[in-house]
Amino acid sequence: MLCPERLRKVPAQFSWVDQRLVRQRFIERCEPTAWALYLVLVTVADAQGLSYYSEASLERMLRLDHPA
């Protein structure tokens, strides 16, 4: 594990996507590209919540340019 202090802890009110995104209104503050990235990272994460996709791979997958 790279950073033990960053190990994801599943909240008590678990759902596939963290409910705090709606309850604490994070969903209203982000652009659609941020949500696309979040969805990919949640989907490909291992049991500890880690993903090993490179920035270049994610950019290609989501059709983003590097500054995005």
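Before reading further, recall that the structure is shown in the block above.
Small disclaimer: the values here were computed from a predicted structure and weren't measured.

Asker: Talk me through the overall build of the chain; I want residue IDs and the actual numbers.
Answerer: Helix and strand counts for the chain come out as three helices and zero strands. The secondary structure elements of the chain, listed N-terminal to C-terminal, are α-α-α. When burial is assessed residue by residue, the chain has 9% of its 68 residues classed as buried. A fraction of 21% describes how many contacts in the chain between residues 6 or more apart in sequence connect residues 24 or more apart. Just so you have it, the chain exposes about 5,900 Å², and 58% of that area is on carbon and sulfur atoms.

Asker: I'd love a proper account of unusual backbone geometry, names of residues and values included.
Answerer: With a phi angle near 65 degrees, R25 is a residue other than glycine that sits in the positive phi range. Judged by its relative accessible area of 51%, R25 falls in the exposed class. The phi dihedral of R63 is positive, around 55 degrees, even though this residue is not glycine. Take R63: it is sitting in the segment after α3 (55–62). Given a relative accessible area of 79%, R63 falls into the exposed group.

Asker: How would you explain the packing of helix α2 (residues 32–44) against α3 if you had to name every residue and give the values?
Answerer: Axis separation between α2 and α3 bottoms out at 11 Å; the angle between their running directions is 120 degrees. In terms of crossing hand, the pair formed by α2 and α3 is right-handed. Residue-level inspection shows A36, L37, V40 and L41 of α2 in contact with α3, the latter providing L58, M61 and L62. Here the residues of the contact of α2 with α3 are counted per class, giving seven nonpolar, no polar and no charged.

Reading the values: rules and limits
- Residues numbered from 1 in each chain as written.
- Predicted model: local features only at pLDDT ≥ 70, side-chain atom pairs only at ≥ 80, totals over all residues.
- Heavy atoms only, no water.
- Helix = DSSP H or I, 4+ residues; strand = E, 2+ residues; numbered from the N terminus.
- Buried < 20%, exposed > 50% of the residue type's maximum accessible area, 1.4 Å probe, protein only.
- Contact = heavy atoms within 4.5 Å.
- Areas by Shrake-Rupley, 256 points an atom, 1.4 Å probe, with all protein chains shown as cover.
- Axes fitted to C-alpha atoms, helices over the stretch in contact; angles between N-to-C directions.
- Left-handed = near helix turned anticlockwise from the far one by under 90°.
- Nonpolar A, V, L, I, M, F, W, Y, C, P; charged D, E, K, R; others polar.

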